[in-house]
Amino acid sequence: MRRPPEPLRRGAARGRSGRLLLGLVLAAVILVLMSARGVAGLYTDYLWFDSLRFTSVWAGVLAAKVSLPLGFTAAFFAICVANLLIAQRLAPPVRPLGPEEEALAPVHAVTERRPGALWVAVSLLLALPFGAGTASRWNEWILFRNAVSFGTDDPLFGRDVGFYVFRLPFLTFLTDWLFAVLLVVLVVTAAVHYLNGGIRLRVVAPRVTPKVKAHLSVLAGILALVKAANYFLDRFQLVYSRRGVVHGATYTDVNAQLPALNLLIVISILAALLFFVNIRKQGWLLPLTALGLWFLVAIIAGSIYPAVVQRFRVEPAESTKEVPFIRRNIEATRAAMGLDEVNVREFAYDEQLSAEALVRNAETIRNVRLWDPDVLQRTYQRLQEVRTFYRFTDVDVDRYRIDDALTQIVLSARELSPDSLPSDTWENRHLAFTHGYGAVLSPANSVTSDGQPDFLVKNIPPQGEPPITQPRLYHGEAIGGFGIVNTGRDEIDYVREDGTAVTNRYDGEGGVGIGSVVRRVAFALRFGDVNPVISGFMRPESRILYVRDIRERVEKVAPFLHYDHDPYPVVIDGRITWLIDAYTTSDGYPYAQRADTNRLSAASGLNHQFNYVRNSVKVAIDAYDGTATFYVVDADDPIAAAYAKAFPKLFATADEVPDGLRAHFRHPEDLFRVQTNMWGRYHIGDPNEFYSQSDRWNIAQDPGSGRAVATGAAVESPGGQPATPREGRMDPYYLLMRLPGATRGEFLMLQPFVPFSADDSRRELSAFMVAKADPADYGELEVFVMPRDRQVDGPAIVNARINQEPEVSQLITLLSRAGSEVLLGNLVIIPVEQSLIYIRPLYVQATGANAVPELKKVIVAFGDRIAIRDTFQDALVAVFGDAPETLEEGPVDAAPTVPDDEQPDTSVLPDDVRRLLDDAARAFAEADAALRNGDPVAYATRVQEARDAFERAREASAQQGATGTEATEAAAPG
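Residues numbered from 1 in each chain as written. Predicted model: local features only at pLDDT ≥ 70, side-chain atom pairs only at ≥ 80, totals over all residues. Heavy atoms only, no water.

Here we look at unusual backbone geometry
At step 1: Cis geometry marks the peptide bond from Ile460 to Pro461; its omega dihedral reads -10°.
At step 2: With respect to the helices and strands, the residue Pro461 is situated in the loop between β7 (457-458) and β8 (463-464).
At step 3: Between Glu465 and the following residue, Pro466, the backbone shows a cis peptide bond with an omega angle of 0°.
At step 4: With respect to the helices and strands, the residue Pro466 is situated in the loop between β8 and β9 (472-473).
At step 5: Of note, the phi angle at Asn459 is positive, near 70°, even though the residue is not glycine.
At step 6: Considering the arrangement of structural elements, one finds Asn459 in the loop between β7 and β8.
At step 7: Not every positive phi belongs to a glycine, and Asn486 is a case in point at roughly 60°.
At step 8: Looking at the element boundaries, Asn486 is found in the loop between β10 (483-485) and β11 (491-495).
At step 9: Classification of Asn486 by relative accessible area gives buried; the value is 14%. (Helix = DSSP H or I, 4+ residues; strand = E, 2+ residues; numbered from the N terminus. Buried < 20%, exposed > 50% of the residue type's maximum accessible area, 1.4 Å probe, protein only.)

Concerning the packing of aromatic side chains
At step 1: One pass over the structure, following the stated rule, counts 45 aromatic pairs.
At step 2: Ring centres of Phe560 and Tyr643 lie 4.4 Å apart, and the angle between their planes is 20°; this geometry places the pair in the stacked category. Within this pair, whereas Phe560 is found in the loop between α19 (550-557) and β15 (562-563), its partner Tyr643 is found in helix α20 (residues 638-646), the two being separated by 83 residues in sequence.
At step 3: We classify Tyr643 as buried; its relative accessible area is 3%. (Phe/Tyr/Trp six-rings, centres within 6.5 Å; stacked < 30°, edge-to-face > 60°.)

Brief notes about the pairing of strand β16 (residues 568-572)
At step 1: Counting buried positions over the five residues of β16 gives five, a clear majority of the element.
At step 2: Of the two faces of β16, the one holding Tyr568, Val570 and Ile572 and the one holding Pro569 and Val571 are both buried throughout.
At step 3: One ladder, built from five bridges, connects β16 with strand β17 (residues 575-586); its direction is antiparallel. For Pro569, the partnering residue across the bridge sits in β17 and is Trp578.
At step 4: Connecting β16 to the antiparallel partner β17 that follows it, the hairpin turn spans two residues, and Asp573 within it adopts a positive phi of roughly 55°. (Pairing = 2+ DSSP bridges.)

Describing the side chain of Asn677
At step 1: Structurally, Asn677 can be placed in helix α22 (residues 669-682).
At step 2: Among the polar contacts listed, one links the side chain of Asn677 to the side chain of Arg599, at a separation of 2.8 Å.
At step 3: Excluding residues that lie within four positions of it along the chain, Asn677 makes contacts with Asp596, Asn598, Arg599 and Ile699. (Polar contact = N/O pair within 3.5 Å; in protein donor to acceptor, adjacent residues only side chain to side chain. Contact = heavy atoms within 4.5 Å.)

Some points on the layout of surface pockets
At step 1: For the second largest pocket, the calculated volume is near 960 Å³.
At step 2: Forming the walls of the second largest pocket are 33 residues, and the residues nearest its centre are Gly338, Glu341, Arg614, Asp634 and Gly779.
At step 3: For the lining of the second largest pocket, the secondary-structure elements that each account for two or more residues are β18 (612-622), α22 and β27 (781-785).
At step 4: Residues of the lining of the second largest pocket, tallied by class, amount to 16 nonpolar, seven polar and 10 charged. (1 Å grid on protein atoms, 1.4 Å probe; cavity = no way out; pocket = protein on both sides within 12 Å on 5 of 7 lines; lining within 4 Å. Points joined across faces, edges and corners; volume = space filled by probe spheres on them. Nonpolar A, V, L, I, M, F, W, Y, C, P; charged D, E, K, R; others polar.)

Quick notes on the pattern of salt bridges
A side chain of one charge can pair with a side chain of the opposite charge if their charged atoms are brought near each other.
At step 1: Taken as a whole and judged by the stated rule, the model has 32 salt bridges.
At step 2: Close ionic contact of Glu140 with Arg137 constitutes a salt bridge, the shortest N to O distance being 3.1 Å.
At step 3: According to the relative accessible area criterion, Glu140 is partly exposed, its value standing at 24%.
At step 4: Salt bridges sharing common partners tie together Asp398, Arg399, Arg744, Asp774 and Asp777. (Salt bridge = Lys/Arg side-chain N within 4 Å of Asp/Glu carboxyl O.)

Observations regarding the environment of Lys556
At step 1: Relative to the helices and strands, Lys556 is located in helix α19.
At step 2: Lys556 gets classed as partly exposed once you look at its relative accessible area, which sits at 24%.
At step 3: Between the alpha carbons of Lys556 and Phe49 there is a distance of 9.1 Å; along the sequence they are 507 residues apart.
At step 4: Beyond its immediate chain neighbours, meaning those up to four positions away, Lys556 contacts Asp45, Trp48, Phe49, Arg526 and Val547.
At step 5: Separated by 3.0 Å, the side chains of Lys556 and Asp45 make a polar contact.

With respect to empty space enclosed by the protein
At step 1: Enumeration according to the criterion identifies two cavities of 30 Å³ or more in this entry.
At step 2: Within this model, the largest cavity holds a volume of roughly 40 Å³.
At step 3: Lining the largest cavity are Trp48, Ser51, His475, Gly511, Ile544, Leu545, Tyr546 and Arg553.
At step 4: Of all the secondary-structure elements, those providing two or more residues to the lining of the largest cavity are α1 (6-51) and β14 (543-545).

Focus: the packing of helix α2 (residues 55-89) against helix α7 (residues 161-196)
At step 1: Taken N-terminus to C-terminus, the directions of α2 and α7 make an angle of 30°; their axes are 9 Å apart at the nearest point. Taken together, α2 and α7 sit at an angle that is classed as roughly parallel. Like other packed secondary-structure pairs, α2 and α7 cross with a definite hand, here right-handed.
At step 2: Of the residues assigned to the contact of α2 with α7, the class counts are 19 nonpolar, five polar and no charged. (Axes fitted to C-alpha atoms, helices over the stretch in contact; angles between N-to-C directions. Parallel < 35°, antiparallel > 145°, perpendicular 65-115°, else oblique. Left-handed = near helix turned anticlockwise from the far one by under 90°.)

Quick notes on the pairing of strand β31 (residues 854-862)
At step 1: Taken across its nine residues, β31 has eight buried, putting it largely inside the fold.
At step 2: Strand direction decides the pairing type here: β31 and strand β32 (residues 865-869), joined by five bridges, are antiparallel. Looking at the pairing, Phe862 lines up with Arg865 of β32.
At step 3: Linking two consecutive strands that pair antiparallel, namely β31 and β32, is a turn of two residues; a positive phi of about 60° is found at Gly863 within it.

Concerning the side chain of Glu746
At step 1: Tracing the backbone through its elements, the reader meets Glu746 in strand β25 (residues 746-755).
At step 2: Classification of Glu746 as buried rests on a relative accessible area of 4%.
At step 3: For Glu746, the contacting residues outside a window of four places in its chain are Leu735, Leu736, Met737, Leu739, Lys772, Asp774 and Asp777.

A look at the sheet that holds β10
Think of a sheet as strands paired side by side through backbone hydrogen bonds, with each pair either parallel or antiparallel.
At step 1: Pairing is antiparallel across the open sheet formed by three strands, whose spatial order is β10-β14-β13. Because the sheet does not close on itself, it has two edges, and the strands there are β10 and β13 (512-513).
At step 2: Examined bridge by bridge, β10 and β14 share three bridges and lie antiparallel to one another. What sits directly across from Gly483, in β14, is Leu545.

Quick notes on the environment of Ala767
At step 1: Looking at the element boundaries, Ala767 is found in strand β26 (residues 767-772).
At step 2: Judged by relative accessible area, which is 0%, Ala767 ranks as buried.
At step 3: In this structure, the C-alpha to C-alpha distance between Ala767 and Val783, residues 16 residues apart in sequence, is 6.8 Å.
At step 4: The residues touching Ala767, leaving out its near neighbours within four places in the chain, are Trp697, Gln751, Pro752, Phe753, Val783, Phe784, Val785 and Met786.

As for the nonpolar core
At step 1: In terms of nonpolar packing, the biggest core is built from 128 residues, with Phe560, Leu561, Phe630 and Leu650 touching the most fellow members.
At step 2: Per element, the largest residue contribution to this core is 14 residues, and it comes from α7.
At step 3: Counting residues in each nonpolar core, the second largest holds 109 residues, with Phe455, Leu600, Met737 and Ile839 among its members. (Core = buried A, V, L, I, M, F, W, Y, C linked by side-chain atoms within 4.5 Å.)

These figures capture arrangement, not role.
This is the structure:
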């Protein structure tokens, strides 16, 4: 083959060298940028924590994350390099000749140049992964160093629960890590001895030199001692066993597994002694015998024997053998889940509730929630969005004192929607549109005449009570990215109807100063955005706000806590403050059952494995400046006490909570879901009954909600599926009500139960649990149990009866005519004295993207009586004959009944007008009769005839003067 000319070859070589150099330069630039961005991220994190005055927390967590890898890397390196250097010193002066030596010659050519440096490098290379992997144990390390006592001993070993929660996890990890390290070091050391000739496999004798044997015997003996320590800790791990009918050490664990572990400890120590003795003995008979006995006992005593005991001694008489251990599990689970002080009361169910009883419980009736948060969010969005760049992320339930009466309120903050800006430029997104504005509040029971919420606070700027004097929200539930304030660009508060913008300048202390070039460069690297450096709007007093999402904010400050999925805004002293519940959890509470988390959302901080939980911390975040205050509200929680010991500057005490803020604390929904899931099984206190599970409860089936379609006599949810899906369970809901036997109304959360059945066929009501939230009795749990000698209809049964009510089905058909659709609200149970009232709102919305759901009907069910009316009060009157006032206004097209002594004088009306009004009244009466007879077509026809007659009467009256018009309107039936 002909070679190319020399100049071409030199040019090609130069081209390859140029490309290689360019590649190296690019790689170096990328590496520098990545390193610079990492440094910038660390620096800006420090600035962020410093702006919140939490640098001690940042330093403490960072120190734990860094010190563990460094410490464990150094420990592995020291152990490994010491043994490799010892192996090098113990190498025989002359390696035995033979085929093995010839095969290893190339390796020796490398290792003999600088063996010390080589073994240091090998040790460091092996140490890095073993050390780096320990960084994830930072939280266990913090708890280990700051352990406190629980004041409760476990029933098996008599140790304080704090040992299991704080000490055991890290000690177990430490022994496991040390065993793995010594095993790797033993193998590597043996390999070095083999390379150096101290071990030979193809010679007659000696195959291992005495010095090498002594070295390996010492390592093996230490390894056996570490394993003995591991077995010792495994004994305590039995309190988490899942072998029996419940979690915790059961009969087999205590009577078979525990003795086996004790025996293995003895054999491990014996094996270690034999290895140490073998230092001065010839041969490997003794240590190999010990190893063989070790493995034999581990298999027979550690695995086979417990399995035999479980199968042939326990399972045939499980209910008898496991009784004391089931009792331990019940007591531990109740204590760990906060269920050990539940107040259980009998509910003497009565279907003779009178109208007078409703009056006695007027506060409960007045605060029944008619607005479902999911539906109301859409209503708020359509009515109060004001501009497209605002949004209502979530609607929450709370209580406020309105006109000296405690009132259940639904509310939502008006947050910024950066993805909906009129022009998505960098200036708009980061300098001009930086915050949301205000909030909306309305009573949960209040409805206007046209079916819309009756706002207490609305519009921009906010109008109403409670007043909002600082409406700007720079921090919220869904605010991402960063905003820069105090720049040369005014920030937009809102835009008036005429298109002019109302602007403002931030005057808070939140955020980080970005006046210096160094800081601007650091933030440019952090966000990958050069504009903070080059923008002409930057000023010395400019500040950058970032990590503005509430969940992200608190998780960054205190990543060792777990957070509820639902933060909620509170209006206090004219400002908006976000409240979020924080939890401490552990999977180390002895004998406690692992929590059932199957009803938690993916966003819940409790959506992980644990068997101990406390809502011990409440976090308040100012929506304007982002200040976060972590209040420890449960001083009896040892885990919170341990974190407070580790980070004393992070937490405030319960005594420091302002009264105005404490009045808005709620029992968190995520915790209540877990507690009610567990209570369905753990309300049974007797071990024998617990074993049989004959009285187990389940969460009541969800009757469904959403778009309703009338089909015959049944109401279906979207997709044509039954409105009582088997797999669905009712969500807990907040109420402001007076419990049976109570003297005042309370803000609480309620969850109903039904009997447990494998096929989910049991739908009668077993009980309901409430969690109280008022300051005087915050966190108290109370259960009301239905009578055992009679069936009380549960939500699914009542919902089926509602669906079979002709009047309900016909009205839904009527309201679902072309261009409209009906939305079913949640079915809620309202206990009133010793009776239960079921309530379900119906909303109507027009089809299309801009539909506004409006509350048009309310269904009330009590016993065998069901009524659907325009208002909740009307429905109560239809069922009970009378009812106290609610916060609703009657619909504009309603035809109220007017007492005879208040009937308008129609004698002044002309004959033709009076005749038209009589026709309208007659048509309305025929419409009512058609509705009662189940004829929705006739009902709609007669209503339209009545309205036409009334309009003609109005027109005729208008032609004859104002007096006639006023009389006509006064005489109008609807």
